[in-house]
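Take a look at the letters that make up each chain.
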Amino acid sequence: MTEKYLLTTIKVFMKIKSATFVKSSTDYKKCPQADIPEHAFIGRSNVGKSSLINYLTNIKGLAKASDKPGKTQLINHFIINEADTPWYLVDLPGYGFAHVSKSIKKEWNKFLTEYILKRKNLLCLFVLIDSRHEPQEIDMQFMEWLASNEIPFVMVFTKTDKLTAGQLKKNISAYNKVMLGAWEELPRQFLTSATADKGRQALLRFIEETNEINNLS
Ligand code: GTP
Ligand code: MG
């Protein structure tokens, strides 16, 4: 076996050696210092953002997941691999949740918008999409807004265990059809299932590669 071959096989994907909750912030100005790479999960309420964080870090209950939509209400920072190559993983509140008052919704939108536009170390926003559904207007609008503000993002189709391979293919094709109607190219896409252990490796590899090419110092 050549040395080169060994190197490529060893570097399969980043290991998560530690994952620790840092703080919950109500405002991007109160977030931890923006001095290490950051990746944030966003998407409609109940899409599986917190569950995906627990799945990636392999720590049950690190991010609070719930059957009840609207569980995550603040900007939650988790620090990963603090001792060697640290980066932040961020759990955000869901958008499009109907069961909160208009004033709370307005406040969430304000702080989410500010966080997305102003957080300097945010390397990539992961837009989670429930793979069971047809393209949703709110997700399309949100991604168009991200693109128009030049915010780097990828799409993550969640809960893929809940449908057959054929249904999944059909739903993703439907999304891509709508998106290609508006855009020249598609954002990068990942398929995940937090319950059926799917997609972890590809996501972690992508995060590692993104961290490597973005030197914040
Ligand atoms: P908010 O914080 O309310 O915005 O929700 P969230 O996007 O963080 O969703 P959360 O992780 O709390 O998950 C919502 C529900 O979906 C929970 O009941 C999870 O157990 C379930 N869920 C999340 N991911 C998966 C998955 O991959 N497969 C299945 N079958 N269920 C999932
Ligand atoms: Mg949540």
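In case you missed it, the structure is sitting above this.
Residues numbered from 1 in each chain as written. Chains lettered and ligands numbered in written order. Predicted model: local features only at pLDDT ≥ 70, side-chain atom pairs only at ≥ 80, totals over all residues. Heavy atoms only, no water.

**A few points about the overall build of the protein**
Stage number 1. Scanning the protein for helices and strands turns up 6 helices and 7 strands.
Stage number 2. Taken from the N to the C terminus, the helices and strands of the protein come in the order α-β-β-α-β-β-α-β-α-β-α-β-α.
Stage number 3. Counting over 217 residues, the protein shows a buried share of 46%.
Stage number 4. The long-range fraction of contacts in the protein, counting pairs at least 24 apart against all pairs at least 6 apart in sequence, stands at 74%.
Stage number 5. Here the protein displays about 12,000 Å² of accessible surface, and carbon together with sulfur accounts for 52% of that area. (Helix = DSSP H or I, 4+ residues; strand = E, 2+ residues; numbered from the N terminus. Buried < 20%, exposed > 50% of the residue type's maximum accessible area, 1.4 Å probe, protein only. Contact = heavy atoms within 4.5 Å. Areas by Shrake-Rupley, 256 points an atom, 1.4 Å probe, with all protein chains shown as cover.)

**Concerning the sheet that holds strand β1 (residues 19-25)**
Two strands in a sheet stick together by hydrogen bonds in their backbones, pointing the same way (parallel) or opposite ways (antiparallel).
Stage number 1. With mixed pairing, the 7 strands of this open sheet are ordered in space as β1-β3-β4-β2-β5-β6-β7. Only two strands of the sheet have a single partner each, and these edge strands are β1 and β7 (189-191). Strand-to-strand twist in this sheet, taken as the mean axis angle between neighbours without regard to direction, amounts to 25°.
Stage number 2. Where strand β2 (residues 38-43) and strand β5 (residues 122-130) come together, 6 bridges link them in parallel fashion. Along β5, the bridge assignment pairs G43 with L128. (Pairing = 2+ DSSP bridges. Axes fitted to C-alpha atoms, helices over the stretch in contact; angles between N-to-C directions.)

**Observations regarding the packing of aromatic side chains**
Stage number 1. Applying the stated criterion to the full structure yields 7 aromatic pairs.
Stage number 2. Geometrically, the ring pair formed by F126 and F206 is edge-to-face, given 5.9 Å between the ring centres and 80° between the ring planes. One end of the pair, F126, is in strand β5; the other, F206, is in helix α6 (residues 200-213), with 80 residues separating them in the sequence.
Stage number 3. On the basis of relative accessibility, which here comes to 0%, the residue F126 falls in the buried class. (Phe/Tyr/Trp six-rings, centres within 6.5 Å; stacked < 30°, edge-to-face > 60°.)

**Overview of the pattern of salt bridges**
Stage number 1. All told, the structure shown has 5 salt bridges when counted by the stated rule.
Stage number 2. In this structure, D84 engages K17 in a salt bridge whose closest nitrogen and oxygen atoms are separated by 2.9 Å. Note that D84 is positioned in the loop between β3 (75-80) and β4 (87-91) and K17 in the loop between α1 (3-10) and β1, a separation of 67 residues in sequence.
Stage number 3. We classify K17 as exposed; its relative accessible area is 59%.
Stage number 4. Note that K118 and E114 form a salt bridge whose closest N and O atoms lie 3.6 Å from each other. Of this pair, K118 and E114 both sit in helix α3 (residues 102-118), separated by 4 residues, roughly a single helical turn. (Salt bridge = Lys/Arg side-chain N within 4 Å of Asp/Glu carboxyl O.)

**With respect to the packing of helix α4 (residues 137-148) against helix α5 (residues 165-182)**
Stage number 1. Two elements in contact, α4 and α5, have axes separated by 12 Å at closest approach and are oriented at 40°. Taken together, the axes of α4 and α5 are oblique relative to one another. The way α4 lies across α5 gives a crossing that is right-handed. Residue-level contacts link D139, M140, M143 and E144 of α4 to Y175, V178, M179 and A182 of α5. (Parallel < 35°, antiparallel > 145°, perpendicular 65-115°, else oblique. Left-handed = near helix turned anticlockwise from the far one by under 90°.)

**Some thoughts on α6**
An α-helix turns once per 3.6 residues; consequently, residues spaced three or four apart project the same way.
Stage number 1. Helix length check: α6, at 14 residues, gives a terminal C-alpha distance of 20 Å against a target of 20 Å (1.5 Å per residue), a fit within 8%.
Stage number 2. If you follow the buried residues of α6, they end up packed against β2, α2 (49-57), β4, β5, β6 (153-158) and β7. (Expected span 1.5 Å × (residues − 1).)

**Looking at α5**
Stage number 1. End to end, α5 covers 26 Å across 18 residues, agreeing with the expected 26 Å (1.5 Å per residue, within 8%).
Stage number 2. Those residues of α5 not exposed but buried are L168, N171, I172, Y175, N176 and M179. All buried residues of α5 lie within an arc of 135° about the axis, which places them on one face of the element. Exposed residues pointing more than 90 degrees away from the buried face of α5 are listed as K169, K170, K177 and G181. (Arc of directions from axis to C-beta.)

**Here we look at the pairing of β2**
Stage number 1. The element β2 is largely enclosed, with a buried count of 6 among its 6 residues.
Stage number 2. Burial of β2 is two-sided: the residues E38, A40 and I42 facing one way and the residues H39, F41 and G43 facing the other way are all buried.
Stage number 3. Relative to β4, β2 is paired through 4 bridges, and the arrangement is parallel. Pairing of A40 across the sheet is with V90, part of β4.

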